[in-house]
Amino acid sequence: MTMPNRLVAASAAPAQAPRFSATDANEAARAEHDGMANAIRALAMDAVEQAKSGHPGLPMGAADIATVLFTRFLKFDPADPAWPDRDRFVLSAGHGSMLLYALLYLCGYEKMTVEEIKRFRQLGSLTPGHPEYGHTPGVETTTGPLGQGLANAVGMAIAERHLNAEFGGAIVDHSTYVLASDGDLMEGISQEAIALAGHLRLKKLIVLFDDNGISIDGPLALADSVDQVERFESAGWAATRIDGHDPVAIAAAIEAAQTSERPSLIACRTTIGFGAPNKGGTEKAHGAALGAEEVAAARQKLGWNAPPFEIPGPILERWRNAGKRGKPAHRAWSERLAALPADKRTAFEHRSRGELPGKKLAAAVREVKEKLSAAPKEIATRSASEFALETLTAGLPEMVGGSADLTGSNNTRTKTMKAMSAADYSGRFIHYGVREHGMAAAMNGMALHGGVIPYSGTFLVFSDYCRPAIRLAALMGQRVIHVMTHDSIGLGEDGPTHQPVEHLAALRAIPNLKVFRPADAVETVECWQLALENSAGPSVLALTRQNVPQLRQGFDEHNRCALGAYELVAAEDDAAAVSLFASGSEVAIAVAAKKLLGERKISARVVSVPCFELLLAAPEDKRAALIGHAGVNVAVEAGIRQGWDEIIGSSGVFVGMRGFGASAPSKELYQHFGITPAAVADAAMAKLR
């Protein structure tokens with residue numbers, strides 16, 4: 001392919017975003033475009049070279065795409081990076097972060113200064129190696145693990161369509177753009193994401209594929225021969241191929257995508273490291289500094305004579321004017337928002353800021369607890385979750401649920417919930433299909449978009465499929481709620497492939513993730529309340545398949561799970577010899593074990609531990625009081641011991657799993673693996689001797 005010549009023209013003409021005719025670009029406009037695109041290339045080369053670390057190839061190759069998008073199409077306002085109706089730009093290929101940082105600086109985002117560009121990949125800078133949400137204004141999501149950004153964007157597009165249906169196009173009407181690499185499209189999560197987007201016909205989603213034919217190992221042909229255009233078309237997308245260095249072609253493709261009734265893929269054929277005369281077009285431009293000699297040669301080839309980190313005044317002015325292009329749209333939107341009825345405007349503003357209607361939530365929780373006090377339920381905690389959701393979702397319209405083809409097992413869809421579809425985006429339940437990873441990442445995107453609180457369900461054992469997205473939700477501090485049922489050997493006959501053993505410990509190991517494992521129906525609604533109030537991170541609700549007794553009797557307005565643990569059954573005297581700690585379905589076993597110990601004249605207490613993270617974060621005095629001073633500490637959980645020593649100590653006794661499960665009825669499995677009241681009592685007695 002013959003690539004267009006790249007010569008900089010630092011023109012003194014009036015600064016404005018370049019415009020091109022449908023057939024041919026005049027020389028002046030093309031020169032303006034080239035100068036603006038080369039500004040991105042120069043900043044990327046300079047920053048990576050100074051850091052001696054980074055990925056210059058993608059920013060240099062995709063500079064033309066980004067220039068057209070940001071100067072002509074993207075709706076944004078650098079003065080208000082959180083404007084709810086802005087277009088979203090997701091750099092799914094997060095390794096090319098200097099592309100985004102250069103754009104933020106050039107467009108005039110206040111905090112992205114040239115000094116921050118100079119500090120690329122340095123401790124405390126706003127320019128970390130991969131874009132980090134919440135750290136750098138203008139970054140819509142944390143990317144780097146390939147495929148995640150693309151799937152996040154699907155969630156953003158879902159949230160946009162849902163809120164558009166609820167609040168109207170005058171308030172919510174924006175697009176989500178993605179810049180994706182071949183690596184993004186090779187990751188398995190990409191198939192889950194594009195299939196879901198195609199099925200839902202998310203027409204406001206536009207993916208720009210940086211189709212440079214190069215991977216880290218060398219030519220992409222070493223490992224992949226997929227025709228991505230045909231692949232996307234088969235998933236229900238509009239897809240096309242263009243020259244990614246031709247601004248006229250790029251603009252025409254985006255214009256066509258904006259009028260499509262389907263999500264769009266634009267495969268932009270580019271040269272990685274465009275402008276680098278020796279390393280461009282090869283894997284050598286991908287993930288390392290070009291080197292001083294190659295940078296100098298690239299500057300010469302591109303006709304870029306400005307010193308490192310300096311942008312000629314006319315070019316910078318054109319970029320800054322491009323950054324101001326969205327201000328009129330922002331003002332007009334603000335006027336439309338102000339004209340809404342007060343109640344609707346207030347609801348939109350609260351939801352956009354992620355503010356829960358606290359009184360409604362408290363009233364819903366109280367209503368559920370009063371019902372359970374009046375009529376106790378011996379049910380599975382997955383059923384208790386559904387019972388709670390009937391009231392919670394009625395009071396909190398921002399809750400949008402779903403399931404990975406396990407709706408009847410996860411109990412995440414209430415009787416009044418309408419399914420979301422391509423024909424009706426107002427539905428609040430999403431059928432994600434068997435796409436756990438894509439589901440988890442899409443929920444991240446929904447939370448990042450704002451206006452909704454996403455939750456969805458699968459089996460706990462399949463948290464392994466969701467883990468990369470859960471980790472990123474924790475890193476970004478996003479309120480995403482995972483309902484994970486069938487949480488132990490208690491699921492029974494499906495056997496060890498479906499029985500989670502190490503999964504609770506593995507999830508508890510993720511920083512900023514709260515794992516809730518309620519013991520009964522009352523704890524379940526309390527854990528739901530805590531998960532909804534946890535605005536700074538994701539939560540997992542691990543719920544049973546088997547029925548459990550309601551241990552909490554009577555009405556208590558206080559959320560006893562709020563500290564992560566509480567004394568469920570006190571000892572008969574003030575000097576308990578044994579403290580029994582348990583979570584979930586094993587709390588009832590601990591209560592029964594206490595009774596057996598009492599028959600042997602051993603004083604014991606039972607502490608329910610629904611959330612390790614809250615307990616370990618509690619003030620030291622409260623944590624110490626909950627753990628107590630008994631001579632023997634015993635923990636009971638149908639999982640592995642890992643993590644429990646922070647509560648029971650290394651000398652404590654653990655009754656649980658030491659290997660995988662088996663296929664048999666639930667009660668037989670508990671007997672077989674020795675997780676019974678008698679085994680717990682015997683273990684405590686043995687330690688007392």
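Going along each chain's sequence as written, the residues are numbered from 1 onward. Under the rules for a predicted model, residues below a pLDDT of 70 receive no local features and side-chain atom pairs below 80 are neither given nor counted, while totals for whole chains, interfaces and linings still include all residues. Side-chain measures here rest on the full set of heavy atoms in the structure, leaving out hydrogens and waters.

### Describing the overall build of the protein
Here comes step 1: Each helix corresponds to a stretch of at least 4 residues labelled H or I by DSSP, and each strand to a stretch of at least 2 residues labelled E; elements are numbered beginning at the N terminus. In terms of regular secondary structure, the protein is built from 27 helices and 18 strands.
Here comes step 2: Only C-alpha atoms enter the radius of gyration; for comparison, a globular chain is expected to reach 2.2 Å times N to the power 0.38, where N is the number of residues. Expected size for 689 residues packed as a compact globule is a radius of gyration near 26 Å; at 28 Å, the protein falls within 12% of this value.
Here comes step 3: Principal axes of the C-alpha set define a box for the protein whose edges measure 95 × 55 × 45 Å.
Here comes step 4: By residue count, 60% of the 689 residues in the protein fall in the buried class.
Here comes step 5: Contacts are residue-level and defined by heavy atoms, with any inter-residue pair within 4.5 Å sufficient. A fraction of 78% describes how many contacts in the protein between residues 6 or more apart in sequence connect residues 24 or more apart.
Here comes step 6: Accessible surface area values rest on a Shrake-Rupley calculation with a 1.4 Å probe, where residue burial reflects the displayed protein chains alone. For the protein, the exposed surface amounts to about 25300 Å²; the carbon and sulfur share of it is 51%.
Here comes step 7: A residue counts as positive if it is Lys or Arg and as negative if it is Asp or Glu; His and the chain ends are not included. For this purpose, a charge sits on NZ of Lys, CZ of Arg, CG of Asp or CD of Glu. Here the protein holds 69 positive side-chain charges and 77 negative ones, and the gap between their average locations is 3 Å. Type-normalised accessible area, obtained with a 1.4 Å probe on protein chains alone, sets the label of each residue: buried when under 20%, exposed when over 50%, and partly exposed for intermediate values.

### Thoughts on the environment of asparagine 152
Here comes step 1: On the secondary structure map, asparagine 152 appears in helix α6 (residues 148-167).
Here comes step 2: For asparagine 152 and threonine 142, which are ten residues apart along the polypeptide, the C-alpha to C-alpha distance reads 9.5 Å.
Here comes step 3: Excluding anything up to four places from it in sequence, asparagine 152 contacts Thr141, Thr142, Ala441, Asn444, Gly445 and Leu448.

### Details of the packing of helix α18 (residues 436-449) against helix α19 (residues 463-476)
Here comes step 1: For every element, the axis is a line fit to its C-alpha atoms; helices are fit only across the contacting stretch, and the angle between N-to-C directions ranges from 0 to 180 degrees. Where α18 contacts α19, the two axes come as close as 6 Å, and the packing angle between them is 20°. It follows from the interaxial angle that α18 and α19 lie roughly parallel. Note on packing geometry: the crossing formed by α18 with α19 is left-handed. Touching Glu436, His437, Ala440, Ala441, Asn444 and Leu448 of α18 are Tyr465, Cys466, Pro468, Ala469, Leu472, Ala473 and Met476, all from α19.
Here comes step 2: The residue makeup of the contact of α18 with α19, split by class, is ten nonpolar, two polar and one charged. Oblique is the label for any angle not covered by the other classes, which are roughly parallel (under 35 degrees), roughly antiparallel (over 145) and roughly perpendicular (65 to 115). It is the rotation of the near helix from the far one that decides the hand of a crossing: anticlockwise by less than a right angle makes it left-handed, clockwise makes it right-handed. All residues other than Ala, Val, Leu, Ile, Met, Phe, Trp, Tyr, Cys, Pro, Asp, Glu, Lys and Arg, Gly among them, are scored as polar; the first ten of these are nonpolar and the last four charged.

### Observations concerning the confidence of the model for the protein
Where the model shows low pLDDT, its predicted coordinates should not be examined in detail.
Here comes step 1: This prediction gives the protein a mean pLDDT of 95; 96% of its residues lie at or above 70.
Here comes step 2: Long-range and interchain partners of residues 1-22, a stretch whose pLDDT sits below 50, account for 62 contacts in this model, where long-range means more than four residues apart. Scored between 0 and 100, pLDDT is the confidence that the predictor attaches to each residue.

### Some thoughts on the nonpolar core
Here comes step 1: Residues Ile158, Leu202, Leu205 and Trp237 are the most contacted members of the largest nonpolar core, which totals 69 residues.
Here comes step 2: With ten residues, α6 is the single largest residue contributor to this core.
Here comes step 3: When sequence neighbours within four positions are dropped, the list of residues in contact with leucine 202 reads Val154, Ala157, Ile158, Arg161, Ala197, Arg262, Pro263 and Tyr425.
Here comes step 4: We call a set of buried Ala, Val, Leu, Ile, Met, Phe, Trp, Tyr and Cys residues a nonpolar core when their side-chain atoms join them within 4.5 Å. Counting residues in hydrophobic clusters, the runner-up holds 64 residues, among them Trp528, Ile589, Val634 and Ala684.

### A word on the pairing of strand β6 (residues 238-243)
Here comes step 1: A pair of strands counts as paired when DSSP detects no fewer than two bridges linking them. Two strands pair when backbone bridges link them, and β6 and strand β7 (residues 264-269) are joined in this way by six bridges, in the parallel orientation. Within β7, the residue paired with alanine 239 across the bridge is leucine 265.
Here comes step 2: Consider the strands pointing away from the viewer: the crossover is right-handed when the path from the first strand over the helix to the second runs clockwise. At this point the chain moves from β6, through helix α10 (residues 247-258), to the parallel β7, and the crossover so formed is right-handed.

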